[in-house]
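# What the coordinates show
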Amino acid sequence: MNLLSTTRRHALLKPLLLATLGLLTGLAQAQTSELRIGFQKYGTLTLLKAKGDLEKRLAPQGITVKWAEFPAGPQLLEGLNVGSIDFGTVGEAPPIFAQAAGADLVYVANQPPAPTAEAVIVPKDSQIKTVADLKGKKIALNKGSNVHFLLVKLLEKAGLKYTDVQVIFLPPADARAAFERGSVDAWVIWDPFLAAAERQIGARVVADGRGAVANHQFYLAARPYADKRPEVIQIIVEELAKLDAWAEGRAKEVAQLLAPQIGLDLAITELAASRFAYGIKPISPAVAAEQQKIADVFFELKLIPKAIKISDALPRSLKTASTSKP
């Protein structure tokens, strides 16, 4: 009788125990989650990583931050598209290429224009003096990066077509090697790689983005993550805004924090930091419209496989902010 009673009690308790264990497991998972951020060797997001303020802000919510470095924007957004990161920062062109490839992303915010932070450079002894002199030359750049659009606009201003030059697609490290050995005539590149080439090998700037492009830095999130955790996205933006307020006019202090993060010396890092643009802002209809113009140019040049609507990648509140060509 006692044995039977014990067996019955166990039978009754088992579902309750399993339910309790399931609840405890669910609570543990809810209390601990991971925010995965993609960053590059430039900008305020890398500075945020260096300061550690975001980790402190999210810790009480049980959220840890995992940082992943990428060589350039297109690679970063590929990581976002395949689900390896939730949030990241890139220039103007990468989100356009990513959206054309089907990435489910959303624009979160942007930094002000920084046109001097990217440029066409040539070796110090090059005979190339102007953009017009690039006709027929080999030019290295990272496909789908901001500098891709910079080259298009600079050529246009000089009365040249995109087809008047030989574009060689190389990521920054490979492009630097090709530039140094003379395999290409020019390189279109951004900071801090730009600053490093200027200071380390005496590269000469032929033209930067002034009068040609805005060169915004964008913050983007995977749409599923932004929809699920909008409060986390808001916290990131708030911390970046605090950081911008601190960093404005402090190139030396910024460089001291960034140099160990990006593996460059203080002088190079300070030069790059002096060309940053601080003051994060929500995506506006005007900035969205600028992005649409870039997307339309890339489609006309057949650099992306289909026309896209930037409005499809905007926050819900700005769905109708941009216009596009059908």
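Quick caveat, the model's predicted, so the values are computed rather than measured.

Let us now look at the overall build of the chain. Scanning the chain for helices and strands turns up 13 helices and eleven strands. The buried share among the 326 residues of the chain stands at 50%. Counting contacts in the chain only where the partners sit at least 6 residues apart, residues at least 24 apart contribute 79% of the total. Accessible surface, the chain as shown: approximately 15300 Å² in total, 57% of it carbon and sulfur.

As a further point, take the packing of aromatic side chains. Counted by the stated rule, this structure contains eight aromatic pairs. One aromatic cluster is present, formed by Phe97, Phe149 and Phe298 through successive ring pairs. The ring of tryptophan 246 carries the charged tip of lysine 51 above its face, separated from the ring centre by 4.4 Å.

Below, the discussion takes up the sheet that holds strand β4 (residues 105-110). Taking strand neighbours across the sheet as the criterion, the six strands line up as β2-β1-β3-β10-β4-β11 in an open arrangement whose pairing is mixed. Looking at strand neighbours, the two that pair on one side only are β2 (63-69) and β11 (281-282), the edges of this open sheet. Bridge analysis of β4 against β11 gives two bridges, and the strand direction is antiparallel. Directly across from asparagine 110, in β11, lies its bridge partner lysine 281.

The N-to-C vectors of helix α2 (residues 43-51) and helix α11 (residues 251-262) enclose an angle of 90°; their axes lie 9 Å apart at closest approach. With respect to α11, the axis of α2 lies roughly perpendicular. On α11, the residues that touch Thr46, Leu47, Lys49, Ala50 and Lys51 of α2 are Val254, Leu257, Leu258, Gln261 and Ile262. Residues belonging to the contact of α2 with α11 are distributed by class as follows: six nonpolar, two polar and two charged.

Packed helices, taken two at a time, are described by their axes: the angle between them and the distance between them. At a minimum axis separation of 8 Å, α11 and helix α12 (residues 266-273) run at an interaxial angle of 120°. Considering the angle they form, α11 stands oblique to α12. Viewed along their axes, α11 and α12 form a crossing whose handedness is right-handed. Touching Ala251, Lys252, Val254, Ala255, Gln256, Leu258, Ala259 and Ile262 of α11 are Leu266, Thr269, Glu270 and Ala273, all from α12.

With that out of the way, let us pick up the sheet that holds strand β5 (residues 118-122). The strand order across the open sheet formed by five strands is β7-β6-β8-β5-β9, and the pairing between neighbours is mixed. With one partner strand each, in any of the chains shown, β7 (166-169) and β9 (204-208) form the two edges of the open sheet. Across the sheet, the mean angle from the axis of one strand to that of its neighbour is 30°, orientation sign disregarded. The sheet contact formed by β5 and strand β8 (residues 186-190) spans four bridges and is antiparallel. Bridge pairing in β8 places glutamate 118 opposite tryptophan 190. Docked against the sheet, helix α7 (residues 172-181) engages β5, β6 (138-141) and β8, running at close to 145° with respect to β8.

Before going further, it helps to examine unusual backbone geometry. Proline 192 follows aspartate 191 through a cis peptide bond whose omega is 5°. Relative to the helices and strands, proline 192 is located in the loop between β8 and α8 (193-201). Positive phi, normally seen in glycine, also occurs at asparagine 215, with a value near 60°. Its place among the elements puts asparagine 215 in the loop between β9 and β10 (218-222).

In this structure, Leu35, Leu54, Phe87, Ile96, Leu105, Tyr107 and Phe298 are the most contacted members of the largest nonpolar core, which totals 101 residues. Here this core takes eight residues from helix α10 (residues 230-247), the largest share from any one element. Non-local contacts of phenylalanine 87, meaning those with residues more than four positions away in its chain, are made with Arg36, Ile37, Gly38, Leu45, Leu80, Val108, Tyr219, Leu220, Ala221, Ile233 and Ile236. One finds Ala195, Ile262, Leu264 and Ile268 within the second-largest nonpolar core, a separate group that totals seven residues.

Quick look at the environment of leucine 271 now. You can see leucine 271 is positioned in helix α12. For the pair formed by leucine 271 and aspartate 191, sequence separation is 80 residues and the distance between their alpha carbons is 8.8 Å. If we skip the residues at most four places from it in the chain, leucine 271 touches Ala195, Glu198 and Arg199.

Attention shifts here to the environment of glutamate 69. With respect to the helices and strands, the residue glutamate 69 is situated in strand β2. Separated by 29 residues in the primary sequence, glutamate 69 and glutamine 40 place their C-alpha atoms 5.6 Å from one another. Apart from residues no more than four positions distant in its own chain, glutamate 69 is found in contact with Phe39 and Lys41. Looking at glutamate 69, its side chain comes within polar contact range of the side chain of lysine 41, at 3.0 Å.

Here we come to helix α13 (residues 285-300). Spanning 16 residues, α13 covers 23 Å between terminal C-alpha atoms, matching the ideal 22 Å at 1.5 Å per step. Along α13, the positions that sit buried rather than exposed are Val287, Ala288, Gln291, Gln292, Ile294, Ala295, Asp296, Val297 and Phe298. Buried positions along α13 lie against α5 (93-100), β4, α6 (146-157) and β10. Directly beyond the C-terminal end of α13, a positive phi value near 60° is found at lysine 302.

Conventions and cut-offs
- Residues numbered from 1 in each chain as written.
- Predicted model: local features only at pLDDT ≥ 70, side-chain atom pairs only at ≥ 80, totals over all residues.
- Heavy atoms only, no water.
- Helix = DSSP H or I, 4+ residues; strand = E, 2+ residues; numbered from the N terminus.
- Buried < 20%, exposed > 50% of the residue type's maximum accessible area, 1.4 Å probe, protein only.
- Contact = heavy atoms within 4.5 Å.
- Areas by Shrake-Rupley, 256 points an atom, 1.4 Å probe, with all protein chains shown as cover.
- Phe/Tyr/Trp six-rings, centres within 6.5 Å; stacked < 30°, edge-to-face > 60°.
- Lys NZ or Arg CZ within 6 Å of the ring centre and 35° of its normal.
- Pairing = 2+ DSSP bridges.
- Axes fitted to C-alpha atoms, helices over the stretch in contact; angles between N-to-C directions.
- Parallel < 35°, antiparallel > 145°, perpendicular 65-115°, else oblique.
- Nonpolar A, V, L, I, M, F, W, Y, C, P; charged D, E, K, R; others polar.
- Left-handed = near helix turned anticlockwise from the far one by under 90°.
- Core = buried A, V, L, I, M, F, W, Y, C linked by side-chain atoms within 4.5 Å.
- Polar contact = N/O pair within 3.5 Å; in protein donor to acceptor, adjacent residues only side chain to side chain.
- Expected span 1.5 Å × (residues − 1).

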